[in-house]
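Letter by letter, the chains look like this.
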Amino acid sequence: FTSYVQNNSIKNFLFDCDGVLYRGTDPMPSASQTIQQLIRAGKRVYFVTNNAASTRNELKLKLEKVLKCQEEEILTEEMMIGSAYLAGQYLKSCKLKGQDEGGSNKNKARVHIIGTSGLCSEIQSAGFDVSGGQDPIYTAPSSGMSREELASYPFQEGNIDALVI
């Protein structure tokens, strides 16, 4: 891998996280060394995850710990590309009510979320008024909600502009 990268002009690297760089809290063999070598060589490295439970900062902190690179501060939040962050950015691009052409909000669009606090935080950071979140009744993180639970979910009264599940 190292010789291939050195002999080619690849500038951008996107790594999936869970199962590629780590499993749980255990790093995959050579993941830390590879990532650090790429960054030090001036390559643009990004970390991609479809896990919407974490904010970009939480993912950065996990990667720093798992890849053992906290002291060097070589990882940045901008390198983290999570599905929760992308959902917020996509909703911004949809120009929901209250958003002007510059992306600022006069009256924030309301997004109802059935999901984790990390997902809520990223949608809020994108400039939306968030309702919902993880219902304390449905706290089993790995199992999620059954179809029956989702069908009987108690939505709050009032208008919403988008629903994120």
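None of the values given here were measured: they were computed from a predicted structure.

Focus on the overall build of the protein chain
Next up, step 1: Scanning the protein chain from terminus to terminus reveals six helices and eight strands.
Next up, step 2: Going from N to C terminus, the protein chain has its helices and strands arranged as α-β-β-β-α-β-α-β-α-β-α-β-α-β.
Next up, step 3: Split into buried and exposed, the 165 residues of the protein chain put 36% on the buried side.
Next up, step 4: In the protein chain, once contacts between residues fewer than 6 apart in sequence are set aside, the share between residues at least 24 apart is 60%.

Overview of the environment of Ile113
Next up, step 1: Relative to the assigned elements, Ile113 resides in strand β6 (residues 110-113).
Next up, step 2: What makes Ile113 buried here is its relative accessible area of 0%.
Next up, step 3: Residues contacting Ile113, with those up to four places away along its chain left out, are Leu119, Cys120, Ile123, Val130, Ser131, Gly132, Gly133, Tyr153 and Val164.

Regarding the packing of aromatic side chains
Next up, step 1: For the coordinates displayed, the defined rule picks out zero aromatic pairs.
Next up, step 2: A cation over an aromatic ring shows up here: Arg56 above the ring of Tyr85, its NZ or CZ 3.8 Å from the ring centre.

Notes on the sheet that holds strand β5 (residues 80-82)
Strand pairing in a sheet relies on backbone hydrogen bonds. The paired strands run either parallel or antiparallel.
Next up, step 1: In space, the three strands of this open sheet follow the order β1-β4-β5, with parallel pairing throughout. Here the strands that pair on one side only, and so sit at the sheet edges, are β1 (12-16) and β5. Ignoring strand direction, the axes of neighbouring strands in this sheet form an average angle of 25°.
Next up, step 2: Its contacts with the sheet place helix α3 (residues 56-66) against β4 (44-49) and β5, and it is angled at close to 120° to β5.
Next up, step 3: Most of the contacts of helix α4 (residues 83-93) go to β5, to which it runs at about 75°, and overall it touches β4 and β5.

Quick look at unusual backbone geometry
Next up, step 1: With a phi close to 70°, Ser30 is a non-glycine residue in the positive phi region.
Next up, step 2: Assignment of secondary structure puts Ser30 in the loop between β3 (26-27) and α2 (31-40).
Next up, step 3: What makes Ser30 partly exposed here is its relative accessible area of 46%.

What about the sheet that holds strand β7 (residues 129-132)?
Next up, step 1: Spatial strand order, β7-β6-β8: three strands in an open sheet with parallel pairing. Looking at which strands have only one partner, the edges of the open sheet turn out to be β7 and β8 (162-164). The average undirected angle you get between the axes of adjacent strands in this sheet is 30°.
Next up, step 2: The pairing of β6 with β8 spans three bridges and is parallel. Along β8, the bridge assignment pairs His112 with Leu163.

Basis of the calculations
Residues numbered from 1 in each chain as written. Predicted model: local features only at pLDDT ≥ 70, side-chain atom pairs only at ≥ 80, totals over all residues. Heavy atoms only, no water. Helix = DSSP H or I, 4+ residues; strand = E, 2+ residues; numbered from the N terminus. Buried < 20%, exposed > 50% of the residue type's maximum accessible area, 1.4 Å probe, protein only. Contact = heavy atoms within 4.5 Å. Phe/Tyr/Trp six-rings, centres within 6.5 Å; stacked < 30°, edge-to-face > 60°. Lys NZ or Arg CZ within 6 Å of the ring centre and 35° of its normal. Pairing = 2+ DSSP bridges. Axes fitted to C-alpha atoms, helices over the stretch in contact; angles between N-to-C directions.

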